[in-house]
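Commentary on secondary and tertiary structure
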Amino acid sequence: MSGAPDPAAVRARHADGPFLRACRGEAHDTVPVWFMRQAGRALAEYREVRARHSFEEVIHTPELAAEVTLQPIRRYGVDAAILFSDIVTPLAGLGIGVTIEPGVGPVVAEPVRRMEDLVRLRRLEPEEDLPYVLQTVDLLVAELAVPLIGFAGAPFTLASYLVEGGPSRSYTHTKALMFQDELTWHRLMDLLAGVTLASLRAQVEHGAAAVQLFDSWAGALSPADYERFVLPHTQRIMEGLEDLDVPRIHFGVATGELLGLMASAGADVVGVDWRVPLDEGRRRIPVGVGFQGNLEPAVCLAPWETVVARVRDVLARAGARHDHVFNLGHGVLPPTDPGVLAQIVDLVHEEGEVRDPAEVRAEDAAHA
Ligand code: CP3
């Protein structure tokens, strides 16, 4: 770690910014905003890097990964950066044959479907298995003027790629394993939770100021199945991060029915996708836990008047609460005009008011 910045000092530098203050439920004066998938194909400068280097090359080269992380910071004026990597990067670091096919997503050559297959999932040693990721974090925290969000895939979402062998609509193989062989299922989830926890802890130890756990595909499950097959593992990850004292954001798509359970896993902030009106999403998340979201990503493709109306609607539903982080309801779509995202950031900063936390808490108590 020689030459690497002191992570505690890095976090202290950003502690007073609106993003971390909102995540912790502290007073601040502008609504913080960042975008999931803010780095990537919407940016010409990203496509330029990708014209010369494969996706894997970018992730494995700290200077390139840091550069594409910084691209949206320069363009948009967002309040947080998110590390450029992928949820399957730790699995690739373990030597599981997983590649990212452009336009498709992660593809696993030999899916994991039986107890015997689990020997391929050993313990992750981040310093040895993912040195390039941690070097990227080191480069970024030395340079960034905003906090860096570290991230990882949650066990269910990772399992969905490992068991299906690639992206899926129905998660048939994944659910079949879950219902047919509960012992193997929990063993797989436990191994993945260990990988995710080790990866997140290492990112924070290198200076990430917050983490987001992506359980992107958990919305495929009913609340009862989520509670039985997923929640204990996610809880273990959240608890395993507690001593690091950084905000833990927990996000998934189509999770309207799971928001309360996702908070109960131990999140400090729960991400809400665009299907749930944000005021309704807020009601489903316990008091004391923050919320993030939730502009429909495709709205960014609409005429500007529509964008403005929909951003204002999200802000109105967020109720000027001190524990709201503005974001899209899922990732930036590749055809998005970066200029629109920059204008959205300005609009949120100009119009997003933040009330006194004491006032909001009194209101919450009155409604309890
Ligand atoms: O800007 C950021 O948000 C940081 C970088 C980031 C990427 N992937 C880069 C990426 C993050 C946080 C992720 C997380 C990720 N990866 C998730 C969770 C977020 C979500 O969308 O729900 C998931 C499910 C994956 C798996 C994955 N990787 C998919 C579905 C894809 C897209 C396939 C495609 O090409 O459309 C990827 C590839 C990927 N990850 C790209 C980027 C920029 C595109 C790669 C390219 O072609 O350049």
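Up top is the structure these notes are about.
Summarised in this report is the structure supplied together with it.

Conventions used here
- Residues numbered from 1 in each chain as written.
- Predicted model: local features only at pLDDT ≥ 70, side-chain atom pairs only at ≥ 80, totals over all residues.
- Heavy atoms only, no water.
- Near = heavy atom within 4 Å.
- Polar contact = N/O pair within 3.5 Å; in protein donor to acceptor, adjacent residues only side chain to side chain.
- Areas by Shrake-Rupley, 256 points an atom, 1.4 Å probe, with all protein chains shown as cover.
- Helix = DSSP H or I, 4+ residues; strand = E, 2+ residues; numbered from the N terminus.
- Nonpolar A, V, L, I, M, F, W, Y, C, P; charged D, E, K, R; others polar.
- Salt bridge = Lys/Arg side-chain N within 4 Å of Asp/Glu carboxyl O.
- Buried < 20%, exposed > 50% of the residue type's maximum accessible area, 1.4 Å probe, protein only.
- Pairing = 2+ DSSP bridges.
- Arc of directions from axis to C-beta.
- Contact = heavy atoms within 4.5 Å.
- Phe/Tyr/Trp six-rings, centres within 6.5 Å; stacked < 30°, edge-to-face > 60°.
- Axes fitted to C-alpha atoms, helices over the stretch in contact; angles between N-to-C directions.
- Parallel < 35°, antiparallel > 145°, perpendicular 65-115°, else oblique.
- Left-handed = near helix turned anticlockwise from the far one by under 90°.
- Core = buried A, V, L, I, M, F, W, Y, C linked by side-chain atoms within 4.5 Å.
- Right-handed = clockwise from strand over helix to strand, strands pointing away.

So, the site of the ligand
Around the ligand, the structure places 26 residues, and the nearest of them are Arg37, Tyr46, Arg50, Ser216 and His330. Measuring from an oxygen atom of the ligand, one finds a backbone N or O atom of arginine 37 at 2.7 Å. In isolation the ligand has 870 Å² of accessible area, and contact with the protein removes 93% of it. Broken down by secondary-structure element, the contributors of at least two residues to the shell around the ligand are α3 (44-52) and β3 (105-108). Each residue belonging to the shell around the ligand can be placed in one class, and the counts come to 16 nonpolar, six polar and four charged.

A short note on the pattern of salt bridges
Proximity of charged atoms lets side chains of opposite charge pair with each other. A full pass over the atoms with the stated rule returns 28 salt bridges. Among the salt bridges present, the one from arginine 21 reaches glutamate 26, with a minimum N-O distance of 3.5 Å. When its relative accessible area of 27% is taken as the criterion, glutamate 26 is described as partly exposed. Here glutamate 45 ties to arginine 75 by a salt bridge, and the two come within 2.9 Å at their closest N and O atoms. Highlighted residues: glutamate 45 in helix α3 and arginine 75 in helix α5 (residues 62-76), separated in sequence by 30 residues. Exposure remark for glutamate 45: the relative accessible area of 22% places this residue in the partly exposed category. A cluster of three or more residues bridged by salt bridges with shared partners is formed by Asp16, Arg21, Arg24 and Glu26.

Focus on the sheet that holds strand β6 (residues 248-251)
Strands sit in the order β1-β4-β5-β6-β7-β8-β9 across an open sheet of seven strands; the sheet is parallel. Where the open sheet ends on each side, the last strands, each with one partner, are β1 (81-82) and β9 (324-328). As defined by bridge partners, β1 adjoins strand β4 (residues 148-153) across two bridges and the pair is classed as parallel. Across the sheet, residue alanine 81 finds its bridge partner in β4, namely leucine 148.

So, helix α13 (residues 231-241)
Turning to α13, its buried residues number three or more, namely Leu231, His233, Thr234, Ile237, Met238 and Leu241. Down the axis, α13 shows its buried residues gathered within 165° of arc, on one side only. In this structure, the buried side of α13 is in contact with α9 (155-164), α11 (182-205), β5 (210-214), α12 (223-229), β6 and α14 (259-264).

A few points about the packing of aromatic side chains
If you walk through the whole model with that rule in mind, you get eight aromatic pairs. Pairing phenylalanine 55 with phenylalanine 84 gives two aromatic rings, centres 5.6 Å apart and planes at 75°, and the pair type is edge-to-face. Placement of the pair is phenylalanine 55 in helix α4 (residues 55-60) and phenylalanine 84 in the loop between β1 and α6 (89-93), with a sequence separation of 29 residues. With respect to burial, phenylalanine 55 and phenylalanine 84 carry one shared label: buried. One aromatic cluster in this structure is built from Tyr46, Phe55 and Phe84.

Some points on the packing of α5 against helix α8 (residues 131-143)
Relative orientation of the contacting elements α5 and α8 amounts to 50°, with a least axis distance of 8 Å. Relative to α8, the element α5 is oriented oblique. As for the relative orientation of α5 and α8, their crossing is right-handed in sense. The residues of α8 that touch α5, namely those facing Pro62, Glu63, Ala65, Ala66, Thr69 and Leu70, are Tyr132, Gln135, Thr136, Leu139, Leu140 and Glu143.

Here's the deal with the side chain of aspartate 129
Examined against the element boundaries, aspartate 129 turns out to sit in helix α7 (residues 126-129). A distance of 3.0 Å separates the side chain of aspartate 129 from the side chain of arginine 122, its partner in a polar contact. With near-sequence residues (within four places) excluded, aspartate 129 lies in contact with Gly93, Leu94, Arg122, Arg123 and Leu124.

Points about the nonpolar core
Counting 129 residues, the largest nonpolar core has Phe19, Phe35, Leu121, Leu188, Phe326 and Ile344 as the members making the most contacts within it. Tallying contributions element by element places α11 first for this core, with eleven residues. Excluding residues within four positions of it along the chain, leucine 188 makes contact with Val112, Leu118, Leu121, Ala159, Leu162, Val163 and Leu177.

With respect to the pairing of β9
Burial runs high along β9: five of the five residues are buried. What you see with β9 is no split at all: His324, Phe326 and Leu328 on one side and Val325 and Asn327 on the other are buried throughout. Here strand β8 (residues 290-295) runs beside β9; their pairing, made up of five bridges, is parallel. Within β9, the residue paired with glutamine 292 across the bridge is valine 325. For the handedness criterion, the β-α-β arrangement of β8, helix α16 (residues 304-318) and β9 is classed as right-handed.

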